[in-house]
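# Descriptive structure summary
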Amino acid sequence: MSYLKSARALLALFGLVAAMAAAQAQTAAGKLPNVTILATGGTIAGSGATTTTTVGYTAATVGVDALIKAVPELQKVAHVSGEQVFQIASENMGNDNWLVLARRVNALLARPDVDGIVITHGTDTIEETAYFLNLVVKSRKPVVVVGAMRPSTAISADGPINLYNAVLTAGSQDAVGKGVLVVMNDQINAAREVTKTNTTTTDTFKSPELGMLGYIVDNKPHFYRASTRKHTVDTEFDVSKLDTLPQVDIAYAYANVGPAAVNALVAAGARGLVHAGVGDGSLPAKVRPALSSAREKGVVIVRASRVGQGIVARNGEANDDQLDFVVADTLNPQKARILLMLALTRTGSTKEIQRMFYTY
Ligand code: DAS
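So, here is what we can say about the structure in this document. Fair warning: this is a prediction, and the values are worked out from it, not measured in the lab.

## Comments concerning helix α11 (residues 350–359)
- Three or more residues of α11 are buried, namely T350, I353, Q354, M356, F357 and T359.
- As for α11, its buried residues are in contact with α8 (288–296), β13 (300–305), β14 (326–327) and α10 (333–343).

Now the structure itself:
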């Protein structure tokens, strides 16, 4: 009986190897690429009461098979398969979701019969998930995160064309080695710089000042630049064996702010704290003692800025050497949090962490 079982197993293995070789040969011969769509929810999977409902709809109601079925043109540009990883509005995306998603992405990209991945996602935290994956995906194959600003039921919904463009890009050799990308509104942005700049309009995703990477025009991605910062296979981060990520929070600064938020976050167990300072990461006098005290307790402090663009310069608005703080460089607070979280899985050394902020 065991002989029969092992013979069956061997036959199955041969079948799988043959399928992979055939898929690889197809792609190599210029045939359609194999792209897997991992669906997580969001507005792209949303539905509204009427065709003119573009706010106040329900996100994360349409499944991945329906998303794929709604865009038959996908079949002309790739062999598409779909998996429903989550079905959530992205304001509820959490570290646990990211670890599950990263593991699935890396497992799929390790397969020779997968050429690229598209992740459908809510737009509220798309820039965070994209940057997290930019630091932990261990493949040069394209990973494209895509969302929509109008639900699938709306007139001129942007989801279908965004999904089509994302699959085009994920199957393109030109996107190999570019890091994790966000493709929306016919534009290609890098995970590190892209951010949501408008609460409701379809052109909301931009990389202010440092610029997008390219466009999707006439069914093809066109790249004009690449990120100078390390990503994917060139990073030192590995989450494959992690069940949790260190607790890192953000404290926002504004006129008349006091130490309450910083003290509360430290008391709640933050191992890292990003201070979203005013201007060039300035520390209000009422907050500075609380941050220093947090540092003395071993909490790593990153000085970022609520401004959103520009460099937070070391030893500029505060003596970071003396305070033993790290500066965020050009990362906005929500992305600085992600890098600090991953940094803390490797080291507590502020010198090493500062190097990471100048590297990724
Ligand atoms: N709530 C938003 C989200 O899921 C809807 C969207 O814009 O995708 O991110």
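## Remarks on the packing of aromatic side chains
- Applying the stated rule across the entire model yields three aromatic pairs.
- For the pair W98 and F132, a centre-to-centre distance of 5.1 Å together with 20 degrees between the ring planes defines the contact as stacked. Taken as a pair, W98 in helix α4 (residues 95–109) and F132 in helix α5 (residues 126–136) lie far apart in primary sequence, 34 residues in all.
- For the pair Y215 and Y224, a centre-to-centre distance of 6.0 Å together with 70 degrees between the ring planes defines the contact as edge-to-face.
- Over the ring of F223 we find K178, and its NZ or CZ is 4.6 Å from the ring centre.

## Section: α5
- Of all 11 residues in α5, 11 are buried; the element is thus mostly enclosed.
- Of the residues making up α5, those classed as buried are I126, E127, E128, T129, A130, Y131, F132, L133, N134, L135 and V136.

## Some remarks on the site of the ligand
- Lining the immediate surroundings of the ligand are G42, T43, Y57, A89, S90, E91, G122, T123, D124 and A148.
- A distance of 2.4 Å separates an oxygen atom of the ligand from a polar atom in the side chain of T123.
- Taking D124, its main chain carries an N or O atom lying 2.8 Å from an oxygen atom of the ligand.
- For the ligand, whose unbound accessible area comes to 270 Å², protein coverage reaches 91%.
- Per-class residue counts for the shell around the ligand are three nonpolar, five polar and two charged.

## Some remarks on the sheet that holds strand β9 (residues 214–217)
- In space, the eight strands of this open sheet follow the order β2-β1-β3-β4-β5-β6-β9-β10, with mixed pairing throughout. The open sheet has two free edges, formed respectively by β2 (79–88) and β10 (220–223), since each of these has just one partner strand. Taken over all neighbouring pairs, the strand axes of this sheet differ in orientation by 25 degrees on average, direction set aside.
- For β9 and β10, the ladder comprises four bridges, and the chain directions are antiparallel. Its bridge partner being in β10, Y215 is matched across the sheet by H222.
- Sheet strands in contact with helix α6 (residues 159–170) are β1 (34–41), β2, β3 (116–120), β4 (143–146), β5 (181–184), β9 and β10, and its direction is about 155 degrees off that of β3.

Definitions and limits used
- Residues numbered from 1 in each chain as written.
- Predicted model: local features only at pLDDT ≥ 70, side-chain atom pairs only at ≥ 80, totals over all residues.
- Heavy atoms only, no water.
- Buried < 20%, exposed > 50% of the residue type's maximum accessible area, 1.4 Å probe, protein only.
- Helix = DSSP H or I, 4+ residues; strand = E, 2+ residues; numbered from the N terminus.
- Contact = heavy atoms within 4.5 Å.
- Phe/Tyr/Trp six-rings, centres within 6.5 Å; stacked < 30°, edge-to-face > 60°.
- Lys NZ or Arg CZ within 6 Å of the ring centre and 35° of its normal.
- Near = heavy atom within 4 Å.
- Polar contact = N/O pair within 3.5 Å; in protein donor to acceptor, adjacent residues only side chain to side chain.
- Areas by Shrake-Rupley, 256 points an atom, 1.4 Å probe, with all protein chains shown as cover.
- Nonpolar A, V, L, I, M, F, W, Y, C, P; charged D, E, K, R; others polar.
- Pairing = 2+ DSSP bridges.
- Axes fitted to C-alpha atoms, helices over the stretch in contact; angles between N-to-C directions.

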